[in-house]
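# Coordinate analysis (summary)
Now for the letters of each chain:
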Amino acid sequence: MTKDDTAIIETVNTALAEEFELDPAALVPEADIRADLGLDSLDIVDMVIVLERAFGMKLKNRQGLAQIRTLGDIHAFIIDLRDGDAPGQG
Amino acid sequence: MPLGKVSARAAACLGMTAVATAWTLCALPCIYVVVLLRRCRLGVSGRTIRRLNWGYGRVMLFLMRPWLPVRIRDAARPKGHAPGVLVCNHQSFLDLFLLAAQDEADLCLMARHWPFRLYFFAPAMLAAGFIDAESLPGEAVAALAKERLKEGAMLVVFPEGHRSRTGRLGRFHAGAFRIAVEADVPVFPLVIRDSFAVCPPGRLFLDPSPVHMVCLAPVHPRDFRHEPLPHRAMMRHVRALFVQNLNEAGVGR
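From a predicted model like this one, the values you see are computed outputs, not experimental measurements.

## Considering the sheet that holds strand β4 (residues 131-132) of chain B
All names here are of chain B. Read across the open sheet, the seven strands follow the order β1-β7-β6-β2-β5-β3-β4; overall the sheet is mixed. Two strands close off the open sheet at either side, each with one partner strand: β1 (70-73) and β4. The sheet contact formed by β1 and strand β7 (residues 211-215) spans four bridges and is parallel. By the bridge assignment, Ile-72 is partnered in β7 with Met-213. Across the sheet, helix α6 (residues 175-183) is in contact with β2 (85-88), β3 (107-111), β5 (154-157) and β6 (187-193); its angle to β2 comes to roughly 160 degrees. Along the sheet, helix α8 (residues 230-248) contacts β2, β6 and β7; its crossing angle with β6, the most-contacted strand, is approximately 30 degrees.

Okay, here's the thing in structure tokens:
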């Protein structure tokens, strides 16, 4: 894991902890967004907006977004976007 | 505790449980008849059934008054207000009845699925147009909620999503606030204190104790329009009001 990856993970975790008042200790990569973090479908819509603001890029309609289940999936999704691996807006 | 006090408490506990059960057994058949009239499209509206539900709760609180005095402070809420979203903290199942302590009678509950599984109450809830927010898609829930607001109903939401297991205020969900922002209607915070002591989760019988309710001043979506996520900012503000009020009363977060 590079230094940039760590920065992305920290930014995601900080943004989510602040916006959704989550316990930082619960923010482990395997945490299920719904079951473990307690976010509902409306929260997930808001989460996308929060992450767009945190990273200054559009995430909505990106392929792969709908498959996100865990916090680790979010980290990987953002890292892939930075690396240009993720397909563009679908 | 002396034995006399214990037996007096047990008698009061049994007494109020018996009164609550007896009143429910009397009222339910009448409510069922009205629900049947609505199903047969005989001129009974959802609003009528909502008012009937409120009346059932109001009489219940009246009958329980010797054991369960409800003190409500509603000076901060303007009289004759427009429709809006009433948000309450949720400490026990009793909270549904406590809603009838306020003068607003056209109350439309928007809740998760489990109350709609209550065998005796579900027909009246469905006929009243109460909204099952868990079983329907988000867009359908929002559309129904806005429809009820247009009918002049006060939408009732417990933003914690479920009863508190500890008596402390839980995390809020944003759905109620999103609807308030989209429909441009105020949120009316209603703080319920001490209902947890009357009926904590898992307790079969009610325990006699006074309950306090405070209607806080309405919160308007226009004050949050400048925020990137106005409904979430509104939600945080309203939750802070609950925390402040509960802390003042020594209930804590």
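Next comes the rest of the account.
## So, unusual backbone geometry
All names here are of chain B. Although it is not a glycine, Asp-184 adopts a positive phi angle of roughly 55 degrees. For Asp-194, which is not glycine, the phi torsion reads 80 degrees and is therefore positive. Tracing the sequence through the fold places Asp-194 in the loop between β6 and α7 (195-198). Under the relative-accessibility criterion, Asp-194 is labelled partly exposed at 28%.

## Overview of helix α5 (residues 138-150) of chain B
Residues and elements named next belong to chain B. A rise of 1.5 Å per residue sets the reference length of α5, with its 13 residues, at 18 Å; its end C-alpha atoms lie 18 Å apart and thus fit the reference within 8%. Turning to α5, its buried residues are Val-141, Ala-142, Ala-145, Arg-148 and Leu-149. Seen from one end, α5 has its buried residues packed into an arc of 125 degrees, which puts them on one side. Away from its buried face, by an angle of more than 90 degrees, α5 presents the exposed residues Glu-139 and Lys-150. Close packing links the buried residues of α5 with α2 (46-63), β3, β4, β5 and α6. Looking one or two residues past α5, Gly-152 carries a phi angle of roughly 95 degrees, positive in sign.

## Brief notes about the pattern of salt bridges
Scanning the model with the defined rule gives 17 salt bridges over all chains in all. Residue Arg-82 of chain A pairs with Asp-5 of chain A through a salt bridge whose shortest N-O separation is 2.8 Å. Placement of Arg-82 of chain A in helix α3 (residues 71-83) and of Asp-5 of chain A in helix α1 (residues 3-20) is noted, with a sequence separation of 77 residues between them. For Arg-236 of chain B, the salt bridge is made with Glu-19 of chain A, and the minimal N-O distance between the two is 2.6 Å. Here Arg-236 of chain B, found in helix α8, pairs with Glu-19 of chain A, found in helix α1, and the two come from separate chains. With relative accessibility at 31%, the residue Arg-236 of chain B sits in the partly exposed group. One network of salt bridges, with partners in common, ties together Glu-19, Asp-43 and Asp-46 of chain A together with Lys-146, Arg-178, Glu-182, Arg-232 and Arg-236 of chain B.

Reading guide: rules and limits
Residues numbered from 1 in each chain as written. Chains lettered and ligands numbered in written order. Predicted model: local features only at pLDDT ≥ 70, side-chain atom pairs only at ≥ 80, totals over all residues. Heavy atoms only, no water. Pairing = 2+ DSSP bridges. Helix = DSSP H or I, 4+ residues; strand = E, 2+ residues; numbered from the N terminus. Contact = heavy atoms within 4.5 Å. Axes fitted to C-alpha atoms, helices over the stretch in contact; angles between N-to-C directions. Buried < 20%, exposed > 50% of the residue type's maximum accessible area, 1.4 Å probe, protein only. Expected span 1.5 Å × (residues − 1). Arc of directions from axis to C-beta. Salt bridge = Lys/Arg side-chain N within 4 Å of Asp/Glu carboxyl O.

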